[in-house]
Every structure is written in C-alpha cells, then in structure tokens.
Amino acid sequence: MRQRLATRAMTRTAIVCLAVLLVNGCEAQVWGSPPATQVTPEAPPPAAPETPSVEAVAPLEGLDVRIRQATADATSSGADIETVVMDRDTGQVFSNGNNAPFPIASVVKLFIADDLLLQVAEGKTQLSDADRKSLDVMLRSSDDTAAQNFWDRDGRNAIIGRVVARYGLTSTTAPYNGHWDVTQSTAADLVRYYSKLLDGTGGLPPEQAAIILSDLAQSTPTGTDGYPQRFGIPEGLYAETVAVKQGWFCCWSGSNQLHVSTGAIGPDRRYLMAISSLDPTSAAAARANITQAVKTMFPGGKI
C-alpha cells in the first residue's frame with residue numbers, strides 16, 4: 001500500500017513540475033534514478049590503518065614460576081614458606097603447593113574483630129568508645145591486650161568455631177590450649193577468609209567489614225609491643241596500596257621464627273595474598289627472608 005501511494009505522489013509532482021516548467025521552470029525531483037549530470041564525489045580520505053589487536057598481558061602472568069623461585073630461595077636459607085595469591089576479578093589462584101596448617105599468631109585478631117562486629121550488627125552487643133579504640137589498635141598495631149580482652153569476653157575458642165562455620169574454613173582450628181595466638185590455619189583458608197569478607201558471603205555486613213579493612217589499611221610500622229610489622233607484603237609490595245594483618249612470634253616447632261603476612265592489595269583490593277614463614281634464623285633475618293620472597297614474586301614492588 002505504501003509503495004502505490006508513493007508512485008501516485010511522484011506522478012502528480014512530475015505533472016505539476018512539467019506544467020510549471022513550461023511557464024517559468026521547475027526543479028526536477030527524481031526518485032530511484034541518478035541525476036542526468038553526475039558529479040564525481042570527492043574521494044574520502046584514506047582510512048587509518050587498523051591497529052593490530054594486542055592481547056593484554058595478564059597481571060599475574062609468570063607468577064607461578066616466580067613463586068617456585070621464591071620457595072626455592074627460602075628453602076636454601078632454611079625457611080619453609082607457604083603462600084597463596086588470588087585475583088578476585090578472574091578467580092585465578094596461585095600457590096606454592098604447601099598446604100600445612102600453621103599457627104597464625106596475631107592474624108587471628110581478624111577473626112576476633114569479625115565475630116565481635118557481627119554481634120554489634122545483630123544487636124547482641126554494643127561497643128563503647130573505649131571498645132572501638134581497642135578494636136582499632138588491635139587491628140592497626142596488633143595490640144595483644146585488646147585481643148585478650150575481646151577473646152575472654154566473647155567466648156574464647158567459640159569465636160573461632162563461629163567464624164569457621166560462617167566462612168567455610170576447612171583447615172582452620174581453634175587453639176589446642178585456649179591461647180588465641182596458636183589458632184591454626186592455612187594460607188588458602190586465610191585468602192578464602194579475605195575473599196568472603198570482601199564479597200559479603202562470610203556473613204559480615206559491608207559496613208562492618210569496612211571497619212576491618214579501614215583499620216588494616218592503616219597498619220602501623222610497629223606493633224604496640226615495638227615489633228616491626230612491615231615485613232612480607234607491605235615491604236615486598238611497596239609500590240602498591242595494601243591493607244594488611246601481620247602475625248609473628250618465637251618460637252614454633254623448635255627455634256623457628258614464625259611470621260605471617262596477609263592482606264588485600266591494590267586500590268580496589270583486587271588481589272589477595274597470604275604468606276607464612278617458619279625460619280630458623282634470627283628475627284631480623286626471618287623478616288628479611290619473607291620480604292624477599294614477596295619481592296621475588298612481584299619484582300618492582302607491584303602486582
């Protein structure tokens with residue numbers, strides 16, 4: 001129907017134009033056929049050559065090789081390290097294959113804070129101003145007194161049981177002797193904890209998780225006991241934004257220095273890492289060794 005109407009309209013227009021043309025001219029209107037005099041259009045400018053597609057280099061490319069190198073170097077100095085790195089965007093996980101539980105020392109303060117903040121979110125308890133300051137210094141400066149107070153008042157080993165259940169931590173166990181610092185876990189479980197803390201699947205509401213992460217981003221150079229706590233991730237990934245919780249003590253399984261470095265890396269906290277070290281050298285040498293392991297994995301201090 002539309003085609004017929006258009007044809008009739010063209011016929012009428014042509015008749016009118018012919019009549020007017022006989023009197024004083026008319027601009028010809030033509031549909032469907034080229035003009036009598038064709039004008040050669042200007043040639044278009046040459047198209048820019050297509051840029052060949054360059055496949056972006058994955059940020060963690062080659063990490064598996066560097067992890068093996070870091071592990072071998074640590075072994076040559078007598079240290080036993082365990083590490084896991086996760087890219088939250090791609091789901092990639094890299095590990096040196098060691099997956100034996102180790103005492104996590106002050107890293108357990110994450111679990112103590114998590115359990116406490118969930119109670120606050122559920123209206124089961126309230127934090128006084130003094131409590132909130134204690135929580136902050138416990139996470140930022142690894143304060144033992146604050147940790148012991150919260151540990152005693154919130155159920156001691158039961159804290160670990162509740163966190164393990166919520167986060168699905170399969171290799172984390174409460175301390176055999178009731179002392180929070182010998183809670184045991186693995187690098188894989190600690191990375192899983194951070195992942196679920198960040199995406200909310202561990203059950204802690206985002207506003208409460210943000211308190212923990214904000215404190216970890218303000219980790220101080222030394223703990224309240226004066227111990228240097230920049231080893232591992234903070235010094236190894238010195239060119240990155242990090243939010244970390246560290247742990248340390250002497251001695252475990254003989255005279256081994258224990259150091260644990262965990263956290264989220266990057267301004268968007270895309271990368272997660274946990275690394276532990278049992279090292280028979282001095283405390284200073286053990287800190288240097290675990291830091292060097294991170295530097296070997298991430299040359300230039302960046303992911």
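The notes below deal with the structure included here. (Residues numbered from 1 in each chain as written. Predicted model: local features only at pLDDT ≥ 70, side-chain atom pairs only at ≥ 80, totals over all residues. Heavy atoms only, no water.)

Digging into the overall build of the protein chain
No. 1: The helix and strand inventory of the protein chain stands at 10 helices and seven strands.
No. 2: Residues counted as buried form 43% of the 303 residues belonging to the protein chain.
No. 3: Sequence separation of 24 or more characterises 65% of the internal contacts of the protein chain that already satisfy a separation of 6 or more.
No. 4: Per element, the accessible surface of the protein chain, about 15700 Å² overall, is 54% carbon and sulfur. (Helix = DSSP H or I, 4+ residues; strand = E, 2+ residues; numbered from the N terminus. Buried < 20%, exposed > 50% of the residue type's maximum accessible area, 1.4 Å probe, protein only. Contact = heavy atoms within 4.5 Å. Areas by Shrake-Rupley, 256 points an atom, 1.4 Å probe, with all protein chains shown as cover.)

Thoughts on the pattern of salt bridges
No. 1: Following the criterion strictly, the structure yields 14 salt bridges and no others.
No. 2: Each of Arg132, Asp136, Arg140 and Asp215 takes part in a single network of salt bridges with overlapping partners. (Salt bridge = Lys/Arg side-chain N within 4 Å of Asp/Glu carboxyl O.)

Digging into the packing of helix α7 (residues 187–199) against helix α8 (residues 206–217)
For any two helices packed against each other, the geometry is given by the interaxial angle and the distance between the axes.
No. 1: Direction vectors running N to C along α7 and α8 enclose 125°, while the axes themselves pass 9 Å from each other. Between α7 and α8, the angle is such that the two are oblique. Seen along the crossing, α7 lies across α8 with a hand that is left-handed. Across the interface between the two elements, Tyr193, Tyr194, Leu197 and Leu198 of α7 pack against Ala209, Ile212, Leu213 and Leu216 of α8. (Axes fitted to C-alpha atoms, helices over the stretch in contact; angles between N-to-C directions. Parallel < 35°, antiparallel > 145°, perpendicular 65-115°, else oblique. Left-handed = near helix turned anticlockwise from the far one by under 90°.)

Observations regarding unusual backbone geometry
No. 1: Cis geometry is found at the peptide bond from Cys250 to Cys251, where omega equals 10°.
No. 2: When you line up the elements, Cys251 lands in strand β5 (residues 242–252).
No. 3: Its identity as a non-glycine residue notwithstanding, Ala105 has a phi of 50°, on the positive side.
No. 4: Checked against the element boundaries, Ala105 lands in the loop between β3 (102–103) and α3 (109–121).
No. 5: On the accessibility criterion, Ala105 (1% relative accessible area) is buried.
No. 6: Positive phi outside glycine occurs at Ser253, with the angle close to 55°.
No. 7: Summarising the element assignment, Ser253 is placed in the loop between β5 and β6 (256–265).

So, the packing of aromatic side chains
Ring pairs (aromatic) are described by centroid distance and by the angle formed between their planes.
No. 1: Using the criterion set out here, one finds six aromatic pairs in the structure.
No. 2: Ring geometry for Tyr193 and Tyr194: centres 5.9 Å apart, planes at 70°, overall edge-to-face. The pair formed by Tyr193 and Tyr194 is uniform in burial state, with each residue classed as buried.
No. 3: When the centroid spacing of 6.1 Å and the interplanar angle of 90° are considered together, the rings of Phe231 and Trp248 count as edge-to-face. Highlighted residues: Phe231 in the loop between α8 and α9 (233–236) and Trp248 in strand β5, separated in sequence by 17 residues. Each member of the pair, Phe231 together with Trp248, is buried. (Phe/Tyr/Trp six-rings, centres within 6.5 Å; stacked < 30°, edge-to-face > 60°.)

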